[in-house]
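Structure assessment
Now for the letters of each chain:
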Amino acid sequence: LTHSLLEELHFGVWEGLRFGEIEQKWPRLAGRWIKDPMTVRIPRAETFASLRRRIRRFLALTRNRFSKRNVLVVAHGGILSAMVLELLGLPDKEFAKHLQPAGSIRTIQGEILSRIHPIC
């Protein structure tokens with residue numbers, strides 16, 4: 001089952017660019033983004049608040065549909081980090097602390113984060 005609510009954050013005019021290219025075209029904005037990505041508005045990009053709303057909707061749908069079952073979610077790091085923030089009731093500023101290493105698994109039991117298991 002795939003779901004559009006799990007699409008990665010859209011980066012607007014930055015979408016598909018390497019960060020070096022972004023720094024060349026928008027040096028001040030890129031510098032501000034490095035310091036505090038939650039408050040920077042990238043032109044035509046989705047806001048983090050919008051991402052959190054999507055994740056809230058996904059979690060509500062998942063709870064309603066699979067309340068008594070195990071669920072495996074495979075997604076990009078931004079989605080998974082936002083999901084952990086929602087499940088633990090953490091503020092946006094905690095986002096970077098909950099980015100997982102690529103290729104890792106995070107187990108959540110009930111709504112309590114338990115641990116990260118790297119695959120490789």
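As a reminder, the structure under discussion sits directly above these lines.
Residue indices follow the written sequence of each chain, beginning from 1 at its first position. Only residues with pLDDT of 70 or above have their local features reported here, since the model is predicted, and side-chain atom pairs are shown and tallied only from 80 upward, although totals for entire chains, interfaces and linings are computed over all residues. Computation of side-chain values: all heavy atoms of the structure, hydrogens and water removed.

A few points about the pattern of salt bridges
Pairs may arise between side chains of opposite charge once their charged atoms sit close together. Cut-off, in case you're wondering: For this analysis, a salt bridge means a side-chain nitrogen from Lys or Arg found within 4 Å of a carboxyl oxygen belonging to Asp or Glu. Going along the chain from the N terminus, every DSSP run of H or I of four or more residues is numbered as a helix, and every run of E of two or more is numbered as a strand. Accessible area is worked out with a 1.4 Å probe on protein chains only. A residue is then buried under 20% of its type maximum, exposed over 50%, and partly exposed in between.
In this structure the tally under the stated criterion is five salt bridges. Residue Asp92 pairs with Arg52 through a salt bridge whose shortest N-O separation is 2.7 Å. Here Asp92, found in the loop between helix H4 (77-88) and strand E1 (104-109), pairs with Arg52, found in helix H3 (residues 48-65); they are 40 residues apart in sequence, far enough to count as distant. On the accessibility criterion, Arg52 (8% relative accessible area) is buried. Residue Arg56 pairs with Glu86 through a salt bridge whose shortest N-O separation is 3.1 Å. Of the two residues, Arg56 sits in helix H3 while Glu86 sits in helix H4, which places them 30 residues apart along the sequence. Arg56 gets classed as partly exposed once you look at its relative accessible area, which sits at 42%. Taking relative accessible area as the criterion, Glu86 reaches 17% and is therefore assigned buried. Overlapping salt bridges bring together Arg52, Arg56, Glu86 and Asp92 as one network.

Focus on the layout of surface pockets
Quick reminder of the rule: In this analysis, the protein atoms alone were mapped onto a 1 Å grid. Cavities are point sets where a 1.4 Å probe fits without being able to get out; pockets are open sets with protein on both sides within 12 Å along at least five of seven lines; lining residues have an atom within 4 Å of a point. Grid points are joined across faces, edges and corners, and a volume is the space filled by probe spheres set on the points. Three classes are used: nonpolar for Ala, Val, Leu, Ile, Met, Phe, Trp, Tyr, Cys and Pro, charged for Asp, Glu, Lys and Arg, and polar for all others, with Gly counted as polar.
In this structure, the second largest pocket occupies an estimated 420 Å³ of space. If you trace the second largest pocket, you find 21 residues lining it, with Leu9, Phe11, Trp33, Pro37 and Phe48 closest to the centre. Among the residues forming the lining of the second largest pocket, the class breakdown is 13 nonpolar, four polar and four charged.

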